[in-house]
Each structure stands twice: as C-alpha cells, then as structure tokens.
Amino acid sequence: MDRILILGATGNLGGLTSERLAGKGGVQLRLASSREAGRAALQERFPDAETVIADWYDAASLEAAMQGVTRVFVVTPDFMTDERVVTPNIIKAAKAAGSIAQIVRLIAIPPGLTESDLSQAFLDTRCGANLHVIAKPLLDASGLPVTYINVPGWIMFNLPWFLAPEVKANRRLAMPAITDANRMWISEGDIADVAATILVAPIADHIGKEHVLTAPARYDYPAIAVLLGEELGEDVAYADDDGPLRATMGEAFDALMTYFEHETQAYGGVTHNETVAALLGRPQETVRDYIKSNRQLFV
Ligand SMILES: NC(=O)c1ccc[n+]([C@@H]2O[C@H](COP(=O)([O-])OP(=O)(O)OC[C@H]3O[C@@H](n4cnc5c(N)ncnc54)[C@H](OP(=O)(O)O)[C@@H]3O)[C@@H](O)[C@H]2O)c1
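Each chain has its residues counted from 1, running along the sequence as written. Confidence filtering applies because this is a predicted model: local features only for residues at pLDDT of at least 70, side-chain atom pairs given and counted only at 80 or more, and all residues used for totals across whole chains, interfaces and linings. With hydrogens and water stripped out, all remaining heavy atoms of the structure feed into the side-chain values.

Draft legend 1. Fine view of the side chain of Asp2. Think of it this way: any DSSP run of H or I at least four residues long counts as a helix, any run of E at least two long counts as a strand, and we number them from the N terminus. Locating Asp2 in the fold gives a position in strand β1 (residues 2-7). Distance and chemistry together define a polar contact, namely a pair of N or O atoms within 3.5 Å, with one atom able to donate a hydrogen and the other to accept it when in protein, and with adjacent residues in sequence counting only for side-chain atoms on both sides. A polar contact is formed between the side chain of Asp2 and the side chain of Thr70, at a distance of 2.7 Å. Among the polar contacts made by the side chain of Asp2, one reaches the side chain of Arg71 at a distance of 3.0 Å. Contacts are residue-level and defined by heavy atoms, with any inter-residue pair within 4.5 Å sufficient. Not counting residues up to four positions away in its chain, the partners in contact with Asp2 are Gly26, Val27, Gln28, Thr70 and Arg71.

Written out as structure tokens, the structure reads:
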C-alpha cells in the first residue's frame, strides 16, 4: 500500500489531486494543512484520508507527517513561500523518514531558466519561476527520487481567480495592457490528472523526469475575450484597466506587477509538446472547453 502525502492539500492543485486519488485502490492518502481549520476541512472533504498538521517552516511537524510515507506531492504558494527554508526542510524530513520513494514537485520554469538569470527584484516577488528556480536545484542536489511537473504557462484557474468577476459584472476582460502576452493556458484539472497519474504509476516510470506541460495554442487577452464572447453569446470587451486585478490581489498587487515584467518575456520561448495528452491518454482541455464547462462563472 502506497501512503501518499499531499503538502498543499487545501490548495487548488493539491485539493484536485487529492480528489483524483481518493478512493483509488492501493493508496492511503495523508493530507496536510499548516492550520487546524485546514486540517478539519480536509477531514470533512476526504473522510477516508488521514489528515495531519504540517507546517513546512516547522521541521518537526514535517518529519512527523512523512513517517511511513512512500510518495509526496508538493505545491508551494506564490508570494509567501521562502523556498530557501521550505525546500531544505522538506528534503531533511524526507531523508529522516527513510521511506520516501518519490517526491513529485510542481514547478513553473521556462526550460533553461536559472536563478542567476533573475534579478533580485524578480526573486523577491516569490512568484512562479522565482520560487521554483530556488527549489529545483536544492531538490536536484538532494539525491532524493524526484519527479517534476513543470507548468510554464498560465493555469486556467486564473480565469475564476481574477478575470471572471469583471466578465460577469460588466462583460469586460480587464487587465493592464503591459501584462499582456501570448500565453499557453493549461487547466488545473489536467494538471491534477497528471499528478495523480504519476503518483499511482510504477515508481521507476517517472523518477528523475521533468514533465513539461504545455498547450498547443497561445492566447493574449483580446483573444481570450473573443473566446469568452463566442461561448457566452455576448460581446466581451478587452479593457486596459488594472482596477479589478488590484482589487483581487490586494497587498500582492505590486509584487504581481513586478513578476509580470519577467513573466511576459520569459515564457515566450516555451515550445509545445504532447506530454499532457501522452500522460493522460486523451486530448488536453482547451480554454474553450474550460469556458464551456465553467460557463456559470461568467454569466
Ligand atoms: N497561477 C498560475 O497561472 C500558475 C502557473 C504555473 C504554476 N503556478 C504555480 O502553482 C502554485 C500554486 O498552486 P495552487 O494555486 O494550487 O496553490 P494554493 O492554492 O495557493 O495552495 C498552496 C498550499 O500551500 C499550503 N501552505 C501554505 N503555507 C504553508 C505552510 N507554512 N506549511 C505547509 N503548507 C502551507 C496551503 O495550505 P494551508 O494554508 O492549509 O496550510 C495551500 O494548501 C505556485 O507554485 C505557482 O507558482 C501557478
């Protein structure tokens, strides 16, 4: 029996991956939150799972959470994570457990980008690649059995997170024009399916691999507005306006704007591959599919 620990199980990707894994034969889920309220919510959502409190700034709690665990999935949040503390703590706890056969780590790094390519201002945003270029070399050097899921594009949950409310209220896709780029979009459902697939596959199949998840098409904001308009049957206008983003992001707005200076440039050279479809044995979800199946978010 594999015991799979999800660090970040209350989050978007960790939660969806837990859903994919719940009830799978041969898997005992251990779901972690750093907060008692998070742990309780996980226990209610996943009654058959073990739930634990594990704070990756508290080495002892991580070591306890990893006891008896064979595989770990790690997703760290943007803006707040200090990877120079968190990743060494995770490595130390995994080594102390002695039972870890696979660590699956979510990253978002344009292939080839390293910490030395990034200014301190970008690294200080603790967002996207600015987190992961610190975590990955530490994991690479750890000697632990690691599999990376690399998502060097936008995850479709950005639509409900900071774009949908203004579409719903005013039929506007409002984002500052300086943050626009032709981006690949990958759905959170596909990422969770990939993570779950890897976490139940024979361990040797994915150790040492970096799976780069991409999309066959790129969209800028006006193109997303067109797609939304077509699917909603009403015009959706792109608007160069930072108001809705500022309202959603609150204190993180300035860091996000700095992050965009790097992100709008750094991901342009990522080329498409068929990894998502190959791993899942089905076509990947498109932005149009996502808008169709989440129509209620926009109307
Ligand atoms: N947005 C995009 O387009 C995009 C694209 C590519 C990659 N990404 C990457 O996706 C990741 C974010 O994924 P997500 O949205 O699924 O994350 P999320 O929803 O923000 O979840 C983060 C998780 O971290 C946990 N956490 C926070 N502090 C913790 C602590 N001290 N100890 C242990 N756990 C802690 C949280 O749980 P508790 O609070 O319950 O402890 C939560 O479950 C980031 O690394 C980002 O760079 C994003």
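Draft legend 2. A look at the site of the ligand. Around the ligand sit 27 residues in total, of which Thr10, Ser33, Ser34, Thr76 and Asp78 are the nearest. In this structure, Leu13 approaches the ligand through a main-chain N or O atom, which is 2.8 Å from an oxygen atom. In this structure, Trp56 approaches the ligand through a main-chain N or O atom, which is 3.0 Å from a nitrogen atom. Those elements that provide at least two residues to the shell around the ligand are α1 (12-21) and β7 (154-155). Nonpolar residues are Ala, Val, Leu, Ile, Met, Phe, Trp, Tyr, Cys and Pro. Charged residues are Asp, Glu, Lys and Arg, and all others, Gly as well, are polar. Taken together, the residues of the shell around the ligand sort by class into 13 nonpolar, 11 polar and three charged. For this purpose, a residue is taken to be near a molecule or strand whenever a single non-hydrogen atom of the residue falls within 4 Å of it.

Draft legend 3. Structural detail: the nonpolar core. In this text, buried Ala, Val, Leu, Ile, Met, Phe, Trp, Tyr and Cys residues form a nonpolar core when linked through side-chain atoms within 4.5 Å. Burial classes: relative accessible area under 20% of the type maximum marks a residue as buried, over 50% as exposed, and values in between as partly exposed (1.4 Å probe, protein chains only). Counting residues in hydrophobic clusters, the biggest one holds 97 residues, and the most contacted among them are Leu7, Met66 and Ile149. Composition of this core by domain shows at least three residues from each of domain 1 (2-155 + 186-212) and domain 2 (160-181 + 217-269 + 281-297). These domain boundaries are the output of an automatic or database domain assignment.

Draft legend 4. Looking closely at the side chain of Lys136. Structurally, Lys136 can be placed in helix α6 (residues 129-142). Judged by relative accessible area, Lys136 falls into the buried class, the value being 18%. Dropping the residues within four chain positions of it, Lys136 is found in contact with Ile107, Ile109, Tyr148 and Glu210.

Draft legend 5. Representation of helix α9 (residues 221-232) in the model. Working rule for helices: expected span equals 1.5 Å times residues minus one. Its 12 residues place the ends of α9 16 Å apart at the C-alpha level, agreeing with the 16 Å of an ideal helix rising 1.5 Å per residue. Buried residues of α9: Tyr221, Ile224, Ala225, Leu227, Leu228, Gly229, Glu231 and Leu232, and no others. Capping of α9 at its N-terminal end is provided by Asp220; its side-chain oxygen lies 3.0 Å from the backbone amide nitrogen of Ala223.

Draft legend 6. Structural detail: the sheet that holds strand β3 (residues 50-53). At least two DSSP bridges between two strands are required for those strands to pair. The seven strands are arranged β3-β2-β1-β4-β5-β6-β10 in an open sheet whose pairing can be described as parallel. The sheet is open, and its two edges are formed by β3 and β10 (210-212), each paired on a single side. The average undirected angle you get between the axes of adjacent strands in this sheet is 20°. Taken together, the four bridges between β1 and strand β4 (residues 71-74) define a ladder with parallel strand orientation. Bridge pairing in β4 links Leu7 to Val74. Lines fitted to the C-alpha atoms define the axes, with helices restricted to the stretch that makes contact. Angles between their N-to-C directions range from 0 to 180 degrees. Contacting β1, β2 (27-33), β3 and β4, helix α3 (residues 59-66) crosses the sheet at an angle of about 150° to β1.

Draft legend 7. Just the sheet that holds strand β9 (residues 183-186), in detail. The three strands are arranged β7-β9-β11 in an open sheet whose pairing can be described as mixed. Looking along the sheet, the strands with just one partner apiece sit at the ends: β7 and β11 (218-219). As judged from the two bridges shared by β9 and β11, these two strands associate in the antiparallel manner. The partner of Arg183 across the bridge, within β11, is Tyr219.

Draft legend 8. Fine view of the domain arrangement of the chain. Each assigned domain of the chain is listed here: domain 1 (2-155 + 186-212) and domain 2 (160-181 + 217-269 + 281-297). Centre-to-centre separation of domain 1 and domain 2, based on C-alpha positions: 26 Å. Listed per partner, the contact involves 19 residues of domain 1 and 21 residues of domain 2. When the two sides are added together, the surface that domain 1 and domain 2 hide from each other amounts to roughly 1,500 Å², 67% of it contributed by carbon and sulfur. Each reported salt bridge corresponds to a side-chain nitrogen of Lys or Arg within 4 Å of a carboxyl oxygen of Asp or Glu. Along the contact surface separating domain 1 from domain 2 lie two salt bridges. Looking at the side of domain 1 that touches domain 2 residue by residue, the class counts come to 11 nonpolar, five polar and three charged. When two parts are brought into contact, each loses some accessible area as probed by a 1.4 Å sphere; the total of that loss over both is the buried area.

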